[in-house]
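So you can see what is in the structure, the chains are spelled out below.
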Amino acid sequence: MVKKDLYRELGRMLLLSAGIYAALFVVLLVVERLCEPLRGVLLQWNSAAFIVGIPASVVGTAYVLTIRNPQNYTGFIGGIAMAVLLGTQFALQGNYDLTFLQIGIFIPFMVLSLITWRKKLAATTGGAGVSPAEVTQATETTPTTAEPFRPEYLHGWRQGLTLTLALLIIVADYAFATLVLNHDAWADQWLLKLAGAVMIASSVMANFWLIYQKMDAWIWWVVYSLAGILFYVLLGNIYCIVLFLFYLVINASAFFAWQRLRKN
């Protein structure tokens, strides 16, 4: 794919994502009209954080839909925009730890992913979608090859280290939620705090392994989606439950798209 085709694909995914969310909001509006107790619960138009979350969801979905194509590094431009919007949303909610996670960790990861994917595209396609200078830089370290992309799983010590780091993040976040955010007992709201910790750990692992185009990244995104569903079920936030069910479908579809590439 040439560079303009990559950006066109990103644009198409943005339009598709916007259309999907427009349809979702129409459904939610109808549900609110038909069910009086849900008015202001599903669609919280008086909340600045909710308003910011709308473009964050649209751009974020387009980002995932775009990088289902492992050649299309432009998806990370949408990912960076999503992280900025989500960081703003979390700041408005007072969740400054999540703001730091989005701005301080996820944006650098996505910038690295964008750079790495561009170099890999230059090395494997002879320069389609990248500049001549990037082709030269990429082929200095990686020979140009016509071999198709083959997603791989982590094995051995890398897989063990990933699981260990994820567990450490879960423990650290659980402790942070108990001692700093909630000031409660270790056993209080344990499932809610655990679900939140798994969301953070899995998203960190997913963003990191996307840099290297590992299949495990999508497994972690699926775990993130499942943990998010549980988290918002416990909070009773119907809108976010619907949102994370949608994320689960999108992330699972990306996993299966890469799995098909692995088998071909």
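Residues numbered from 1 in each chain as written. Predicted model: local features only at pLDDT ≥ 70, side-chain atom pairs only at ≥ 80, totals over all residues. Heavy atoms only, no water.

Draft legend 1. Inspection of the overall build of the protein at higher detail. A count of helical and extended segments in the protein gives nine helices and zero strands. Burial analysis of the protein (264 residues in total) assigns 47% to the buried set. Carbon together with sulfur atoms contributes 69% to the accessible area of the protein, which is approximately 13100 Å² in total. (Helix = DSSP H or I, 4+ residues; strand = E, 2+ residues; numbered from the N terminus. Buried < 20%, exposed > 50% of the residue type's maximum accessible area, 1.4 Å probe, protein only. Areas by Shrake-Rupley, 256 points an atom, 1.4 Å probe, with all protein chains shown as cover.)

Draft legend 2. View of the nonpolar core. Judged by nonpolar contacts, the single largest core of 68 residues is most densely connected at Y21, Y63, F76, L210, W218 and Y239. Where this core is concerned, the elements lending two or more residues are α1 (3–34), α2 (48–67), α3 (75–93), α4 (96–125), α6 (156–182), α7 (190–211), α8 (216–235) and α9 (238–263). A per-element tally of this core places α7 first, with 12 residues. Once residues within four sequence positions are removed from consideration, Y21 is found in contact with S57, V58, T61, L243, F246 and Y247. (Core = buried A, V, L, I, M, F, W, Y, C linked by side-chain atoms within 4.5 Å. Contact = heavy atoms within 4.5 Å.)

Draft legend 3. Broad picture of the pattern of salt bridges. With the rule as written, the count across this model stands at four salt bridges. Residue K214 pairs with E152 through a salt bridge whose shortest N-O separation is 3.6 Å. Placement of K214 in the loop between α7 and α8 and of E152 in the loop between α5 (132–141) and α6 is noted, with a sequence separation of 62 residues between them. On the basis of relative accessibility, which here comes to 18%, the residue K214 falls in the buried class. (Salt bridge = Lys/Arg side-chain N within 4 Å of Asp/Glu carboxyl O.)

Draft legend 4. Here's a closer look at the packing of α2 against α9. Packing of α2 against α9 brings their axes to within 9 Å, and their N-to-C directions diverge by 15°. Here α2 is positioned roughly parallel relative to α9, judged by the angle of their axes. Crossing geometry of α2 relative to α9 is assigned as left-handed. Residues F50, S57, T61, V64, L65 and I67 of α2 form the contact with α9, whose own contacting residues are Y239, L243, F246, Y247, I250, N251, A254 and W258. (Axes fitted to C-alpha atoms, helices over the stretch in contact; angles between N-to-C directions. Parallel < 35°, antiparallel > 145°, perpendicular 65-115°, else oblique. Left-handed = near helix turned anticlockwise from the far one by under 90°.)

Draft legend 5. Inspection of the side chain of S202 at higher detail. Within the secondary structure, S202 is located in helix α7. Among the polar contacts made by the side chain of S202, one reaches the main-chain carbonyl oxygen of M199 at a distance of 3.1 Å. S202 has contacts with W220, V223 and Y224, leaving out every residue within four places of it along the chain. (Polar contact = N/O pair within 3.5 Å; in protein donor to acceptor, adjacent residues only side chain to side chain.)

Draft legend 6. A look at the environment of F76. Along the chain, F76 turns up in helix α3. For F76, a relative accessible area of 1% puts it in the buried group. Between the alpha carbons of F76 and L114 there is a distance of 5.8 Å; along the sequence they are 38 residues apart. For F76, the residues in contact, after removing those within four places along its chain, are Y63, I67, M110, S113, L114, W117 and L210.

Draft legend 7. Spotlight on a nonpolar patch on the surface. A contiguous nonpolar patch, built from F176, L179, V180, L181 and W186 and spanning about 480 Å² of accessible area, is present on the exposed surface. With respect to the helices, strands and loops of the structure, V180 is situated in helix α6. (Patch = residues over 30% accessible without salt bridge, like charges linked within 9 Å, V, L, I, M, F, W, Y side chains within 5 Å.)

Draft legend 8. Looking closely at α6. Over its 27 residues, α6 extends 38 Å from the first C-alpha to the last, a length consistent with the 39 Å expected when each residue adds 1.5 Å. The largest bend along α6 reaches roughly 30° and is located at F176. For α6, the complete set of buried residues consists of T162, A166, I170, D173, Y174, A175, A177 and T178. Just beyond α6, the residue with positive phi is H183, at close to 55°. (Expected span 1.5 Å × (residues − 1). Bend = angle between axes of the 7 residues up to and from the residue.)

Draft legend 9. Quick peek at α8. The end-to-end C-alpha distance of α8, which contains 20 residues, comes to 29 Å, matching closely the 28 Å that a straight helix rising 1.5 Å per residue would cover. Considered for burial, the residues of α8 that qualify are D216, A217, W218, W220, W221, Y224, S225, A227, G228, I229, F231 and Y232. Following α8 by one or two positions, G236 adopts a phi angle in the positive range, close to 75°.

Draft legend 10. Region of the structure containing the packing of α1 against α9. Interhelical geometry of α1 versus α9 gives an angle of 145° and a closest axis separation of 12 Å. The hand of the α1/α9 crossing is right-handed. The segment α1 lies against α9, with I20, Y21, L24, F25 and L28 engaging Y239, V242, L243, F246 and Y247. Its residues assigned to classes, the contact of α1 with α9 comprises 10 nonpolar, no polar and no charged. (Nonpolar A, V, L, I, M, F, W, Y, C, P; charged D, E, K, R; others polar.)

Draft legend 11. How the structure looks around the confidence of the model for the protein. On average, residues of the protein carry a pLDDT of 89, and 90% of them reach 70 or more. Taken as a whole, residues 135–145 scores under 50 in pLDDT and shows 17 contacts with residues more than four places along the chain or in a different chain. (pLDDT = per-residue confidence, 0-100.)

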